[in-house]
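Letter by letter, the chains look like this.
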Amino acid sequence: MNKTLTYLIITTLISIYSCKNNSVDTNHIIVSILPQKNIVSKLLPEDYKVSSMVTKGNSPATYSPTPSQIKDINEASIYIQIGNIGFENAWIHRFKDLNPNLKVENSSTGINFIHGEDFEHGDHVHEGGIEPHIWTSPKTMLKVVYNSIDILKKNYPNIKDQIEKNSKPLIDSLLKIDTLYKNTLDNYKGKSFLIFHPAYTYLARDYGINQISIEHNGKEPSVKWLQSIIKEAKEKNIKAIFVQQEFDKRNAEILSKELGINIIEVSPLKEDYEKEMKDLLEKLKNTL
């Protein structure tokens, strides 16, 4: 289904649901991406429902909600944004039109954002030139978790103590992952890794390594850009190319053959956030 037809269908559904009386489920929380679903679910009792808008295998830069998700938005009480991804920028105001009772909260408050012109991605520009992938660094993700705890306690004061209790093992786990990254990557300060889509900009900043992106200004790389990447990769003895499962691997395969290096799949949008970050650290350690 093309994007124009999808947009028309979703817009029609929004109009239909907007005309109905909302029956809000106060125990239903919507988040933007699966790593958020993972942490918010751990903070809440089991009888609370947490839904992610961007589902497995989809990119938050270009995702459009499904009809069933429009129904969820119409019935949910809270939407917790991750911050500045293209999906949120394009749709959040429509969700508010659909469900005027929906409380929209932002879990990126207080984060030291990375800004720059390089954060123009395909068919959209990240608002304010902000690099959006804040969850891909354990250090920055901790701030997202603390913000999420505050948001949930504010909106659900009746279970404040339960949220506080549930937060302790989650925070302890993420602090251990942060320490593991720091202790491990201290040995690789200034080293570079190659990736198709620049998803680990915050991780690179927070732990002193260098991310080289094949994707250039959110667009397919030109021949000239690929040539410069090949030259830089050879100079820095790059050992592998990281590719997210949501992206086409063709350009990575070209570079892989030219440089004689492996392609390694990474999953920054995987729901099991803690496992994925531990797996990623092993992949980085083996390639830096």
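My aim in this report is to walk through the structure given alongside it, one point at a time. Nothing here was measured: the structure is a model prediction, and the numbers come from that model.

How each quantity is defined
Residues numbered from 1 in each chain as written. Predicted model: local features only at pLDDT ≥ 70, side-chain atom pairs only at ≥ 80, totals over all residues. Heavy atoms only, no water. Pairing = 2+ DSSP bridges. Helix = DSSP H or I, 4+ residues; strand = E, 2+ residues; numbered from the N terminus. Axes fitted to C-alpha atoms, helices over the stretch in contact; angles between N-to-C directions. Buried < 20%, exposed > 50% of the residue type's maximum accessible area, 1.4 Å probe, protein only. Polar contact = N/O pair within 3.5 Å; in protein donor to acceptor, adjacent residues only side chain to side chain. Contact = heavy atoms within 4.5 Å. Expected span 1.5 Å × (residues − 1). Arc of directions from axis to C-beta. Parallel < 35°, antiparallel > 145°, perpendicular 65-115°, else oblique. Nonpolar A, V, L, I, M, F, W, Y, C, P; charged D, E, K, R; others polar.

Let us look at the sheet that holds strand β8 (residues 210-213). Pairing in this open sheet of four strands is parallel, and the strands run β8-β7-β9-β10 from one edge to the other. Only two strands of the sheet have a single partner each, and these edge strands are β8 and β10 (262-266). Neighbour-to-neighbour, the strand axes of this sheet turn through a mean angle of 35°, independent of strand direction. The pairing of strand β9 (residues 240-244) with β10 spans five bridges and is parallel. Looking across to β10, one finds that Ala 240 is bridged to Asn 262.

One can find Gln 244 in strand β9. For Gln 244, a relative accessible area of 1% corresponds to the buried category. A polar atom in the side chain of Gln 244 sits 2.9 Å from the backbone oxygen of His 197. If we skip the residues at most four places from it in the chain, Gln 244 touches Ile 195, Phe 196, His 197, Ala 199, Val 266 and Pro 268.

With 13 residues, helix α8 (residues 223-235) extends 19 Å from end C-alpha to end C-alpha; this agrees with the ideal 18 Å at 1.5 Å per step. Burial in α8 covers these residues: Leu 226, Ile 229, Ile 230 and Ala 233. Projected down its long axis, α8 shows its buried positions confined to an angular sector of 100°, all on one face. Of the exposed residues in α8, those oriented more than 90 degrees away from the buried face are Lys 224, Gln 227, Lys 231 and Glu 235.

What follows deals with unusual backbone geometry. We note that Asn 237 has phi near 55°; this positive angle belongs to a residue other than glycine. By the secondary structure assignment, Asn 237 is in the loop between α8 and β9. When its relative accessible area of 56% is taken as the criterion, Asn 237 is described as exposed.

Packed helix pairs are characterised by how far apart their axes lie and by the angle those axes make with each other. Axis separation between helix α2 (residues 34-43) and helix α6 (residues 160-185) bottoms out at 7 Å; the angle between their running directions is 130°. It follows from the interaxial angle that α2 and α6 lie oblique. Contacts from Ile 39, Lys 42 and Leu 43 of α2 reach α6 at Gln 162, Ile 163, Asn 166, Ser 167 and Leu 170. Among the residues making up the contact of α2 with α6, the classes are represented as four nonpolar, three polar and one charged.

Just distances and angles here, no functional claims.
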